[in-house]
Amino acid sequence: MLALYHTGRLGDEMFHYPQRRDVDWFATPTEQRDLGAFFQESRLYLELGHVNLAERCAYEALATSGEQPEILEHLAVIHAVTGRPQTAKMFLRTLGRHLFYRGAAHAMLCRLEADPTLENDPRASRIRANAVATDLIAQEAGPDELLEALLRANPKNRLAFELLMARYLSDGRPDKVVANLRRLRDFSYPNVPRHYQEALVAHAWSCGRSLADFGFAVDPGVLDDAREFQRITTTAPSPHEAVRAALEAGLGGTYFFYLAHGISGG
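Conventions we followed
- Residues numbered from 1 in each chain as written.
- Predicted model: local features only at pLDDT ≥ 70, side-chain atom pairs only at ≥ 80, totals over all residues.
- Heavy atoms only, no water.
- Helix = DSSP H or I, 4+ residues; strand = E, 2+ residues; numbered from the N terminus.
- Buried < 20%, exposed > 50% of the residue type's maximum accessible area, 1.4 Å probe, protein only.
- Contact = heavy atoms within 4.5 Å.
- Areas by Shrake-Rupley, 256 points an atom, 1.4 Å probe, with all protein chains shown as cover.
- Lys, Arg positive; Asp, Glu negative; His and termini not counted.
- Charge placed at Lys NZ, Arg CZ, Asp CG, Glu CD.
- Expected span 1.5 Å × (residues − 1).
- Phe/Tyr/Trp six-rings, centres within 6.5 Å; stacked < 30°, edge-to-face > 60°.
- Core = buried A, V, L, I, M, F, W, Y, C linked by side-chain atoms within 4.5 Å.
- Polar contact = N/O pair within 3.5 Å; in protein donor to acceptor, adjacent residues only side chain to side chain.
- Axes fitted to C-alpha atoms, helices over the stretch in contact; angles between N-to-C directions.
- Parallel < 35°, antiparallel > 145°, perpendicular 65-115°, else oblique.
- Left-handed = near helix turned anticlockwise from the far one by under 90°.
- Nonpolar A, V, L, I, M, F, W, Y, C, P; charged D, E, K, R; others polar.

Visitor: I'd love a proper account of the overall build of the protein chain, names of residues and values included.
Guide: Counting its regular elements, the protein chain contains 15 helices and 0 strands. Based on the C-alpha atoms only, the size of the protein chain along its principal axes is roughly 70 × 40 × 35 Å. A burial count over the protein chain gives 46% of its 266 residues as buried. Taking the contacts inside the protein chain whose residues are at least 6 apart along the sequence as the reference set, 56% of them involve residues at least 24 apart. Carbon and sulfur atoms form 51% of the exposed surface of the protein chain, whose accessible area is close to 13500 Å². Both charge centroids of the protein chain, one from 29 positive and one from 34 negative side chains, sit 4 Å from each other.

Visitor: Residue-level account of helix α10 (residues 158–170), with values.
Guide: Taking 1.5 Å of rise per residue, 13 residues should cover 18 Å, and α10 covers 18 Å from first to last C-alpha, within 8% of that figure. Within α10, 12 of the 13 residues are buried, which leaves it mostly tucked inside the rest of the structure. Taken together, the buried positions of α10 are Leu-159, Ala-160, Phe-161, Glu-162, Leu-163, Leu-164, Met-165, Ala-166, Arg-167, Tyr-168, Leu-169 and Ser-170. Positioned one or two residues after α10, Gly-172 has a phi angle of 70 degrees, which is positive.

Visitor: With reference to specific residues and values, describe the packing of aromatic side chains.
Guide: Counting across every chain of the model gives 10 aromatic pairs. Considering the side-chain rings of Phe-161 and Phe-187, the 5.1 Å spacing of their centres and the 25 degrees angle between planes classify their relative orientation as stacked. Of this pair, Phe-161 sits in helix α10 while Phe-187 sits in the loop between α11 (174–179) and α12 (194–206); the two residues are 26 residues apart in sequence, bridging distant segments of the chain. Of the two residues, Phe-161 and Phe-187, both sit in the buried class. Three or more aromatic residues link up through ring pairs in this structure, and these residues are Phe-161, Phe-187, Tyr-189 and Tyr-196.

Visitor: Break down the nonpolar core for me, citing the residues and quoting the values.
Guide: The biggest cluster of nonpolar side chains holds 80 residues, and the ones touching the most others in it are Leu-48, Leu-181 and Tyr-196. For this core, the element with the most residues is α10, which contributes 9 residues. If near-sequence neighbours (up to four positions away) are discounted, Tyr-196 is found in contact with Gly-11, Phe-161, Glu-162, Met-165, Leu-169, Val-177, Leu-181 and Leu-184.

Visitor: Now, about unusual backbone geometry: what can you tell me, with residues and values included?
Guide: The phi angle of most residues is negative, glycine excepted, and most peptide bonds adopt the trans form. Backbone geometry places Leu-118, a non-glycine residue, at a positive phi of 55 degrees. With respect to the helices and strands, the residue Leu-118 is situated in the loop between α7 (102–114) and α8 (122–130). The buried category is assigned to Leu-118, whose relative accessible area is 3%.

Visitor: Break down the side chain of Glu-55 for me, citing the residues and quoting the values.
Guide: Within the secondary structure, Glu-55 sits in helix α4 (residues 51–65). For Glu-55, the side chain forms a polar contact with the side chain of Arg-84, separated by 2.8 Å. With residues near it in sequence (within four places) discarded, Glu-55 still touches Ile-78, His-79 and Arg-84.

Visitor: Lay out the packing of α4 against helix α5 (residues 69–81) in plain terms, naming residues and giving numbers.
Guide: Interhelical geometry of α4 versus α5 gives an angle of 155 degrees and a closest axis separation of 10 Å. With respect to each other, α4 and α5 are oriented roughly antiparallel. Relative to α5, α4 is oriented so that their crossing is left-handed. Contacts between α4 and α5 involve Val-51, Ala-54, Glu-55, Ala-58, Tyr-59, Ala-61, Leu-62 and Ser-65 on the former and, on the latter, Ile-71, Leu-72, His-74, Leu-75, Ile-78 and His-79. A breakdown of the residues in the contact of α4 with α5 according to their chemical character gives 10 nonpolar, 3 polar and 1 charged.

These results come straight from atomic positions and should not be treated as a statement about function.
Dropping the structure here:
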């Protein structure tokens, strides 16, 4: 999902890959945890802007995995971003004891001497712009609440927006996708991503409304896929045959297919 986001394809190609409902995107299941799970979660939280959650997971990673160089460097960044340069330097000095990381540790220590809170660092500035003021550590917040909090803090947090829309898509809630299409104006999308268009068609048809009512254009190819999927669904002699026919028609990577059958990847 992150790879699709960073290559600008999440809203267009998410359902080309296996998806399933009710997955916690922000925590690895206990039985599947390994030494890297907390670190991976911390990196995601930091990129999103949940700095407190990122710090908590980073310390869990440190306790679980020991003084791994990547975790030490990550904790140094977190503490610098949150205005604790002395603690950041402590982690960097520890990092400097690792042979292959001495140069990186020394370079960052020099940067902290010149700029203690990394005010001029683009990455640190981006994290601060996205950071939420609400402390969610003590709460059992679900993915929707986590992402909505980020968008309240910074409506231009594109990663939070795309993950929220992906969450609504994967949960089978096209109405929520449509309700949030207005947020596209906060970003510079050249057009409405394909899966959002598919959700718009599915929602409009399910409630008997015209697409024109919603004020967003739908590509002719999306409408063609919708009509073909509807034809297959209504004429197939069984659900199994409907799945087979839709896959053969190249519709397995559409939101229509996922919404109807709960599977994807075509």
